[in-house]
Amino acid sequence: MLTQNIIPLFVIIPLFSAFFISFIGRFVKKTFINAFCCFSTAALLFFSAFSISALKASATSVLVYTIGGWKPPYGICLVLDGLSVLMLVTVNLVAFLVCVYSVSYMEKYTDRTKFFTLFFLMLCGMNGLVVTGDLFNLFVFLEIASISSYALVAFGTEAEELEASFKYAIMGSVASSFIFIGIAFLYGFTSTLNMADMARVISEKPQMWLVPFVSVLFLMGFGLKAALVPFHAWLPDAHSSAPASISAMLSGVLIKTLGIYAMIRIFFNIFGITQALQSALMFLGALSMLVAVILALSQWDLKRLLAYHSISQVGYVVLGLGLGTPLGILGGLFHLFNHSVFKSLLFLNSGAIDYAVGTRDLKEMSGLRKKMPVTAATNFIASMSIAGIPPFNGFFSKLLIIFACIEKGYIGYALAAVAASILTLASFMKVQKFAFLGELKEKYAEVKEAPLAMQFSMVCLALVCIFGGLLLLPIFKPFLTSAADVLLAGRGYAGGVFKAVLR
Amino acid sequence: MTLYLLCLILFCIGLYGVLRKRNIVKIIIGLGIIEYAMNLFFVLLGYRYHGRAPIYAQNQQILDMVDPLPQALVLTSIVIGLGVTALVISMAIRIYEKYGTFDITKIKRLKG
């Protein structure tokens, strides 16, 4: 079997699962649906782990699958390189654990079948967006993931959820139309939609205004999807209203795939990053880092607090990537992976508290450590990770970003990153104090720990948090450096893809 | 050139509707106008005056044909727009059931 034949499976498996479940959901038992969903996400996780070794074995460091045998630039191709592999592993790891968690968590809701259908459609959109090598295909997958996430935010159909989802849907659609217009301009200029071919044409054909203009359109569109600060208004509502398992997916991976991955793929590999774009990215990153963490300090709703921290942590990622140095990009991508692990863990914790106690208000809960030891312990690990306390993974990636800032001479940005980290620590101390420490309230004497499936997911993610720092060891480092190399190569991406096609 | 400018004006009308109108239904209509404007723009990119359909026939030389690719892409984009509109309208109906109003300024339970 040729190794590139595994690439379409990342789209096929979730798409098939989504429609299969919606077909048979009415006729079969609940346990079968649960088992089937866990099985297909586990298969996806297996294939994404397999793609690491497949990429290492190949000579060109890029694998290309041509759909229907049509060679690019005419046909659509799927591209698997270091960056895609990093994103695939992140997305599918979180998706698998969230799926296991949802098995128990969805007891509260009525329609399990529809939930899993939408969940798999969203997963299909994200996986497809990561592996595609065609710009319009990227837009289609982006819309698949966005539309299913609008529906998932409104899944509870309570007043607040509908309101949040409506806001999210309107702003998301406007963002998509900006992206669409950007793609239309690029097509009009280059007469091609293949990303590698487009990079080649842009570097050969002289242009004055096109790349800056389209960059601004993409910065607006993808910035809105990634919730960078001037465009962040929808995120706290949407992420705090969704069911907890979906919040974990949205905060953990959706804003990164739809926003950051798509943005950096286009900026670095098609346009070839310029100093002006780098400065814009760094400024937006630092702004979101500080503003969001200050807004988060005053929150009393647990999920809303976490949602604001998502904006702030995404700021770190964008700051690191915007630096454009090898160290900065490495730190940014590492923080992207780490953030998706600990932020989904935190949201799963909030879901476990909501499941057991029935509240999200920090003032209401107290002393839950005695009743929910697993949730308390995993939450402690995740809080320390996000705040950047040494043995956990968040520390290493933040350290890399701060070092990269100092190395390039941006002392101000480095100080901003440190300040945001301290404020993050403060706000998570608040969570620890009010939720888990202190006296147990009398009405919570009957509270039980969350079910086993939920505990399993949380413990797994906590283990990744503890051992995540090991990824910087020389044995595991190629996983991150090969992703960073793709971005550092810039327009060299085009040459790599064409070479892999001809092989 | 005029046609492109008209597209831009249509886009701005849609954006005005989304940003300034208070009625949810009007916001959705504004979103629809934005989608039409961008689809129209994309189709125009591939159009050429006095061009012909890009259909291959025997013994015929095709000299100036319309670019068919944007048309195919716009078809996809129209379907996506339909999906978004349907979803948002069904949400608007549910919002009316819960809040009893279409006024966006009165729908504000989420704060902070």
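Residues numbered from 1 in each chain as written. Chains lettered and ligands numbered in written order. Predicted model: local features only at pLDDT ≥ 70, side-chain atom pairs only at ≥ 80, totals over all residues.

Draft legend 1. Structural view of the nonpolar core. Residue and element names in this part refer to chain A. By size, the foremost hydrophobic cluster in this structure holds 221 residues, and its most contacted members are Met249, Leu319, Leu333, Leu345, Ala417 and Cys465. With 19 residues, helix H10 (residues 244-271) is the largest single contributor of residues to this core. Residues in contact with Leu345, not counting those within four places in the same chain, are Thr378, Ala382, Met458, Leu461, Ala462 and Cys465. (Core = buried A, V, L, I, M, F, W, Y, C linked by C-beta atoms within 7 Å. Buried ≥ 20, exposed ≤ 12 C-beta atoms within 10 Å, placed from the backbone. Helix = DSSP H or I, 4+ residues; strand = E, 2+ residues; numbered from the N terminus. Contact = placed C-beta atoms within 7 Å.)

Draft legend 2. How the structure looks around the interface of chain B and chain A. On the side of chain A, 28 residues touch chain B, which itself brings 26 residues to the contact. At the level of elements, helix H2 (24-46) and helix H3 (69-99) of chain B are the ones that each hand at least two residues to the side of chain B that touches chain A. Considering each element in turn, the side of chain B that touches chain A owes the most residues, 13 residues, to H3(B). Class assignment for the residues of the side of chain B that touches chain A results in 18 nonpolar, four polar and four charged. (Nonpolar A, V, L, I, M, F, W, Y, C, P; charged D, E, K, R; others polar.)

Draft legend 3. Highlighting the packing of H2(B) against H3(B). Residue and element names in this part refer to chain B. Two elements in contact, H2 and H3, have axes separated by 10 Å at closest approach and are oriented at 175°. On the basis of the axis angle, H2 is roughly antiparallel to H3. Residue classes in the contact of H2 with H3 are distributed as 15 nonpolar, seven polar and one charged. (Axes fitted to C-alpha atoms, helices over the stretch in contact; angles between N-to-C directions. Parallel < 35°, antiparallel > 145°, perpendicular 65-115°, else oblique.)

Draft legend 4. Fine view of the pairing of strand E2 (residues 77-80) of chain A. Residues and elements named next belong to chain A. Covered by surrounding structure in E2 are Cys77 and Val79 together with Leu78 and Leu80, the residues of both alternating faces. Sheet topology note: the strand E1 (residues 63-66)/E2 ladder contains four bridges and is antiparallel. Among the inter-strand pairings, Tyr65 is bridged to a residue of E2, identified as Leu78. (Pairing = 2+ DSSP bridges.)

Draft legend 5. Molecular detail of unusual backbone geometry. Residues and elements named next belong to chain A. Even without a glycine there, the phi angle at Thr157 is positive, about 45°. Located in the positive-phi region is Ser191, a residue other than glycine, with phi close to 55°. For Ser191, the location among the structural elements is in the loop between helix H6 (159-190) and helix H7 (195-204). Accessibility expressed as a C-beta count within 10 Å gives 15 for Ser191, which makes it partly exposed.

Draft legend 6. The environment of Ala175(A), seen in detail. Residue and element names in this part refer to chain A. Examined against the element boundaries, Ala175 turns out to sit in helix H6. Considering only alpha carbons, one finds Ala175 and Phe271, 96 residues apart in sequence, at a separation of 20 Å. Those residues in contact with Ala175, other than ones at most four positions away along the chain, are Gly221, Leu224 and Lys225.

Draft legend 7. Seen up close, the environment of Met429(A). Position of Met429(A) relative to the elements: it lies in helix H16 (residues 411-436). Between the alpha carbons of Met429(A) and Ala387(A) there is a distance of 9.5 Å; along the sequence they are 42 residues apart.

Draft legend 8. View of H7(A). All names here are of chain A. Burial runs high along H7: seven of the 10 residues are buried. Of the positions making up H7, those classed as buried are Met195, Ala196, Asp197, Met198, Ala199, Arg200 and Ile202. Against the buried residues of H7 lie helix H5 (135-153), H6, helix H8 (210-226), H10 and helix H19 (492-502).

Draft legend 9. Looking closely at the environment of Ser104(A). Residues and elements named next belong to chain A. Assignment of secondary structure puts Ser104 in helix H3 (residues 82-105). Residue classification places Ser104 among the buried positions, given that 21 C-beta atoms sit within 10 Å. A sequence separation of 366 residues divides Ser104 from Leu470, and the C-alpha atoms of the two residues are 31 Å apart. The residues contacting Ser104, other than those within four sequence positions of it, are Pro451, Ala453 and Met454.

Draft legend 10. Up close: the packing of helix H1 (residues 9-24) of chain A against helix H4 (residues 112-131) of chain A. All names here are of chain A. The interhelical angle for the contact between H1 and H4, taken along N-to-C directions, is 165°, at an axis separation of 8 Å. The angle between the axes of H1 and H4 places the two elements in the roughly antiparallel class. You can see that H1 and H4 cross each other, and the crossing is left-handed. Of H4, the residues touching H1 (which contributes Phe10, Val11, Pro14, Leu15, Ser17, Ala18, Ile21 and Ser22) are Thr113, Phe116, Thr117, Phe120, Leu121, Leu123, Cys124, Asn127, Gly128 and Val131. (Left-handed = near helix turned anticlockwise from the far one by under 90°.)

Draft legend 11. Structural detail: helix H15 (residues 393-408) of chain A. All names here are of chain A. Taking 1.5 Å per residue as the helical rise, H15 with its 16 residues ought to reach 22 Å, and the 23 Å between its terminal C-alpha atoms agrees with that figure. On the buried face of H15, the contacting elements are helix H12 (302-323), helix H13 (326-357), helix H14 (373-387), H16 and helix H17 (452-467). Following H15 by one or two positions, Gly409 adopts a phi angle in the positive range, close to 95°. (Expected span 1.5 Å × (residues − 1).)

Worth remembering: the numbers are spatial, not functional.
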